[in-house]
Amino acid sequence: MKKYFNRLFLNDIRKAIDDFNMIKNGDIVLVGLSGGKDSTLLLYALKLLRDYSHMDFKLIGVHIDYGWEMDFSSLIDFCEEENIDIHIEKTDIAEHLDFENGKNVCSLCARFRKGAMARVAKMYNATKIAYGHHMDDAVETFLMNLIYTGKLGSFSPNNYDKDKRLHIIRPMIYVKEENIKKVVSIENLPEIKSNCPLNGFTTRQEIKELVKFLEEEYKDIREKIIKSLSNVYEEGLWKKGE
Ligand SMILES: Nc1ncnc2c1ncn2[C@@H]1O[C@H](COP(=O)(O)OP(=O)(O)OP(=O)(O)O)[C@@H](O)[C@H]1O
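Residues numbered from 1 in each chain as written. Predicted model: local features only at pLDDT ≥ 70, side-chain atom pairs only at ≥ 80, totals over all residues. Heavy atoms only, no water.

Novice: Account for the overall build of the chain, naming residues and giving values.
Specialist: Across its full length, the chain carries eight helices and six strands. Each helix and strand of the chain, ordered N terminal to C terminal, gives the series α-β-α-β-α-β-α-β-α-β-β-α-α-α. Relative to the globule expectation of 18 Å for 242 residues, the C-alpha radius of gyration of the chain, 18 Å, shows essentially globular dimensions. Principal-axis analysis of the C-alpha atoms gives the chain an extent of 50 × 50 × 40 Å. Counting over 242 residues, the chain shows a buried share of 45%. (Helix = DSSP H or I, 4+ residues; strand = E, 2+ residues; numbered from the N terminus. Rg over C-alpha atoms; globule rule 2.2 N^0.38 Å. Buried < 20%, exposed > 50% of the residue type's maximum accessible area, 1.4 Å probe, protein only.)

Novice: Talk me through the UniProt feature "coiled-coil region" (unreviewed entry) in the chain; I want residue IDs and the actual numbers.
Specialist: On the UniProt side, "coiled-coil region" (unreviewed entry) is annotated at positions that read residues 204-231 here. With 82% helix and 0% strand, residues 204-231 has its two end C-alpha atoms placed 25 Å apart. (UniProt positions renumbered as here; feature names shortened; annotations may be inferred.)

Novice: Help me get a handle on the site of the ligand, residues and values and all.
Specialist: Taken together, 15 residues sit near the ligand, with Gly32, Ser34, Asp38, Ser39 and Ile64 positioned nearest. Residue Gly32 places a main-chain N or O atom 2.6 Å away from an oxygen atom belonging to the ligand. Leu33 is positioned such that a nitrogen or oxygen atom in its backbone is 3.2 Å from a nitrogen atom of the ligand. Against a free-state accessible area of 580 Å², the protein chains account for coverage of 78% of the ligand. The set of elements that each furnish at least two residues to the shell around the ligand consists of α2 (37-51) and β2 (58-65). When its residues are assigned to classes, the shell around the ligand shows five nonpolar, seven polar and three charged. (Near = heavy atom within 4 Å. Polar contact = N/O pair within 3.5 Å; in protein donor to acceptor, adjacent residues only side chain to side chain. Areas by Shrake-Rupley, 256 points an atom, 1.4 Å probe, with all protein chains shown as cover. Nonpolar A, V, L, I, M, F, W, Y, C, P; charged D, E, K, R; others polar.)

Novice: Would you mind going over the UniProt feature "binding site: ATP" (unreviewed entry) in the chain in detail, with residue names and values included?
Specialist: Summarizing the sequence annotation, UniProt attributes the feature "binding site: ATP" (unreviewed entry) to Gly32, Leu33, Ser34, Asp38, Ile64, Gly132 and Asp137 in the numbering used throughout. Setting aside anything within four residues of it in sequence, one finds Asp38 in contact with Gly132, His134, Asp137, Met172 and Ile180. Tracing the backbone through its elements, the reader meets Ile64 in strand β2. If near-sequence neighbours (up to four positions away) are discounted, Ile64 is found in contact with Leu33, Glu89, Thr91, Ile93, Arg113, Ala116, Met117 and Val120. (Contact = heavy atoms within 4.5 Å.)

Novice: Just give me the short version of the sheet that holds strand β6 (residues 166-169), but keep the residues and values in it.
Specialist: Two pairing modes exist for strands in a sheet, parallel and antiparallel, and in both the strands are linked by backbone hydrogen bonds. One open sheet holds the six strands; their spatial order is β3-β2-β1-β4-β6-β5, and the pairing between them is mixed. Each edge of the open sheet is held by one strand with a lone partner, namely β3 (85-90) and β5 (158-161). Each neighbouring strand pair of the sheet contributes to a mean axis angle of 25°, computed without reference to strand direction. Where β5 and β6 come together, four bridges link them in antiparallel fashion. By the bridge assignment, Asn158 is partnered in β6 with Ile169. Packing against the sheet, helix α4 (residues 105-124) makes contact with β1 (28-32), β2, β3, β4 (128-130) and β6, and its axis sits at approximately 145° to β2. (Pairing = 2+ DSSP bridges. Axes fitted to C-alpha atoms, helices over the stretch in contact; angles between N-to-C directions.)

Novice: Any details on unusual backbone geometry? Residues and values, ideally.
Specialist: One non-glycine residue, Asn21, lies in the positive phi region at around 40°. As for its position among the elements, Asn21 is in the loop between α1 (3-19) and β1. Here the phi dihedral of Arg165 falls at roughly 50°; this positive angle occurs in a residue that is not glycine. Owing to a relative accessible area of 64%, Arg165 belongs among the exposed residues under this scheme.

Novice: Please set out the environment of Lys47 residue by residue, giving values where relevant.
Specialist: The residue Lys47 is located in helix α2 in this model. Between the C-alpha atoms of Lys47 and Leu237, which are 190 residues apart in sequence, the distance is 40 Å. Discounting residues that sit within four places of it in the chain, Lys47 has contacts with Leu59, Glu82 and Ile84.

Novice: A description of the environment of Asp56 should follow, citing residues and the corresponding values.
Specialist: Here Asp56 shows up in the loop between α2 and β2. In this structure Asp56 comes out as exposed when scored by relative accessible area, which is 51%. Between the C-alpha atoms of Asp56 and Thr40, which are 16 residues apart in sequence, the distance is 20 Å. In this structure, Asp56 is in contact with Lys24, Asn25, Gly26 and Asp27, ignoring residues within four places of it in sequence.

Novice: Provide a residue-level description of helix α3 (residues 73-82), including the pertinent values.
Specialist: Residues of α3 that are buried include every one of Leu75, Phe78 and Cys79, and no others. Around the axis of α3, the buried residues are gathered within 95° of arc, so they sit on the same side. Pointing more than 90 degrees away from the buried face of α3 are the exposed residues Glu80 and Glu81. In the core, the buried residues of α3 are packed alongside α2 and β3. Asn83 sits one or two residues past α3 and shows a positive phi near 65°. (Arc of directions from axis to C-beta.)

Set out below in structure tokens:
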């Protein structure tokens, strides 16, 4: 395995798995694959960790096909070369989304996708679903919650869904997006362009600009926000009615 892998992403993933007890021996882990760079790198990284460590778990890449006719052949070929199982779940989600009218298209689409993932998880008796969210996603979600809804917090690194009896894990929360881009480009990992009509026109894009702006003055703002999520000053949180 190449040495720079550790520096650019594997050490961060090992630390996140360790900090939040994400994977244990015997787990059946599904990796949600969008076709984008983040989830493809996550699948590759977990395969490397499994093959080059004492960790012993089953790994399956799962893409929920919305019905937008994306060409997944390069990712399927990659999985075959790397000896990774992949499952493509065909759905008609696209038909149920109203792009002309709908303000909540993204959240509705995500809800349908989660339902489809849960069905696939049942099929494989999976114990964990892993998503490709990285450090920048966590920072942006933190700021979006604060700015748009007045809520403190980001998504959880390891969340247990009691009803579905599934852990939702995000092993790349300490990996910077710039490092993901580097590895995907150097290693020539497959990247499939999404056919979603809303691609790139989201509020997340606005927040990315805000983070860039903040970084000009406060260089380590992303690291600081990530650190703050596990460095909670309890007395500083206002609990009404106590
Ligand atoms: N169609 C899909 N099928 C399965 N999992 C998906 C799908 N789309 C997204 N995911 C999972 O949800 C995560 C977050 O989704 P999001 O749409 O923000 O990802 P993205 O930035 O478009 O793609 P990626 O994170 O893979 O580069 C992805 O990292 C991936 O793990």
